[in-house]
Amino acid sequence: MLAAVLSVALSGCGGGGPPRLVTETVGRGTQAATIIRPDVERRLPVVLFLHGWGATQPRYYRPWLDHLAREGNAVVYPRFQESVAEPPPQVLGNVLAAVRLALARIHRRPGAFVVAGHSAGGALAADYAAIARTARLPVPVAVFSAYPGRRLRGLPFALPEIDPRRIPAATRLVALAGARDRVVGQRPARRLARLAGARRKSLVVVRDPATADHLAPQRADAPARRQFWARLDRLMDTARR
């Protein structure tokens, strides 16, 4: 049974102001997902947003998530782990289960589907794209992988990898690596960009000191908005065409 908690965030009142946002949680535990969307009836593009390891609550990225929703997207934010000690082999299955529940609530056939992620979520975004067709879930038009990583210092395990060569050729891939990333480094993003089966793929090495560290995608300052928000917005514009 779906456990749903519905809250309405009033971000503007009619007229030409920002759209009212609806926040809803479906599922339970590690297979729960938060949905943030504009309060409209039409079919919406969907952004599947996969968080970094341990960042289980939307608050870690909330300004960015709200921005995506105000741009006219339904944002799905799965909570795929209870804590940093979650067994990695279970994580992708939790994501897939949460996505099924969320899409049943939004629309089983979204207007467009893009998967974005940061850190562990960036790696999982590629995994999702590689396995979506087999799992009978929407194949993403594009993947946005910011500072992806599968292993953290101090933890004795790593996220398993789905062969990135299984990412469909028609899916567009953008992988970002931070020049000052001391947590996962640049190697995972470079590997993803090199091996991904997508025909249209790009690697961006972020060198701006204001956004080149691992936690930069969690910030909402002007440099982060330019570096991460604007890039994903452009990718969503492409996906809608």
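Description of the structure in this document. If you're wondering where the values come from, they're calculated on a predicted model, not measured in any experiment.

Reading the values: rules and limits
Residues numbered from 1 in each chain as written. Predicted model: local features only at pLDDT ≥ 70, side-chain atom pairs only at ≥ 80, totals over all residues. Heavy atoms only, no water. Helix = DSSP H or I, 4+ residues; strand = E, 2+ residues; numbered from the N terminus. Rg over C-alpha atoms; globule rule 2.2 N^0.38 Å. Buried < 20%, exposed > 50% of the residue type's maximum accessible area, 1.4 Å probe, protein only. Contact = heavy atoms within 4.5 Å. Phe/Tyr/Trp six-rings, centres within 6.5 Å; stacked < 30°, edge-to-face > 60°. Lys NZ or Arg CZ within 6 Å of the ring centre and 35° of its normal. Expected span 1.5 Å × (residues − 1). Polar contact = N/O pair within 3.5 Å; in protein donor to acceptor, adjacent residues only side chain to side chain.

### Considering the overall build of the protein
Thought 1: Per the secondary structure count, the protein includes five helices and nine strands.
Thought 2: Reading the helices (α) and strands (β) of the protein from amino to carboxyl end gives β-β-β-β-α-β-α-β-α-β-β-α-β-α.
Thought 3: Its C-alpha atoms give the protein a radius of gyration of 17 Å, within 12% of the compact-globule value 18 Å for 241 residues.
Thought 4: Dimensions of the protein, computed from C-alpha atoms along their principal axes, come out at roughly 45 × 40 × 35 Å.

### What to know about helix α4 (residues 187-195)
Thought 1: Where α4 is concerned, the buried positions are Ala189, Leu192, Ala193 and Leu195.
Thought 2: On its buried face, α4 sits against α3 (120-135), β7 (142-146), β8 (172-178) and β9 (201-206).

### Some words on the environment of Ala146
Thought 1: In this fold, Ala146 is placed in strand β7.
Thought 2: Ala146 sits in the buried class, given a relative accessible area of 0%.
Thought 3: Non-local contacts of Ala146, meaning those with residues more than four positions away in its chain, are made with Gly117, His118, Ser119, Leu176 and Pro217.

### A word on the packing of aromatic side chains
Thought 1: Summed over the entire model, instances satisfying the criterion amount to eight aromatic pairs.
Thought 2: When the ring of Tyr147 is compared with that of Phe228, the centres are 5.7 Å apart and the planes differ by 85°; the resulting orientation is edge-to-face. On the criterion of sequence distance, the pair formed by Tyr147 in the loop between β7 and β8 and Phe228 in helix α5 (residues 222-240) is long-range, its members being 81 residues apart.
Thought 3: Residue Tyr147 is classed as buried on the basis of its relative accessible area, which comes to 1%.
Thought 4: Overall, the relative accessible area of 0% leaves Phe228 in the buried class.
Thought 5: Taken together, the ring pairs in this structure connect Phe49, Tyr61, Trp64, Tyr77, Phe144, Tyr147 and Phe228 into an aromatic cluster.
Thought 6: When the ring centre of Tyr60 is taken as reference, the NZ or CZ atom of Arg59 above it lies at 4.5 Å.

### Here we look at α5
Thought 1: A rise of 1.5 Å per residue sets the reference length of α5, with its 19 residues, at 27 Å; its end C-alpha atoms lie 25 Å apart and thus fit the reference within 8%.
Thought 2: Restricting attention to buried positions, one finds in α5 the residues Pro223, Ala224, Gln227, Phe228, Trp229, Leu232, Asp233, Leu235, Met236 and Ala239.
Thought 3: One side-chain oxygen at the N-terminal end of α5 lies 3.0 Å from the backbone nitrogen of Ala224; it belongs to Asp221.

### Quick notes on the environment of Glu82
Thought 1: In this fold, Glu82 is placed in the loop between β5 (74-79) and α2 (88-106).
Thought 2: Owing to a relative accessible area of 45%, Glu82 belongs among the partly exposed residues under this scheme.
Thought 3: Linking Glu82 and Ala55, residues 27 residues apart in sequence, is a C-alpha distance of 9.8 Å.
Thought 4: Dropping the residues within four chain positions of it, Glu82 is found in contact with Gly29 and Thr30.
Thought 5: Within polar-contact distance, the side chain of Glu82 engages the side chain of Arg79 at 3.1 Å.

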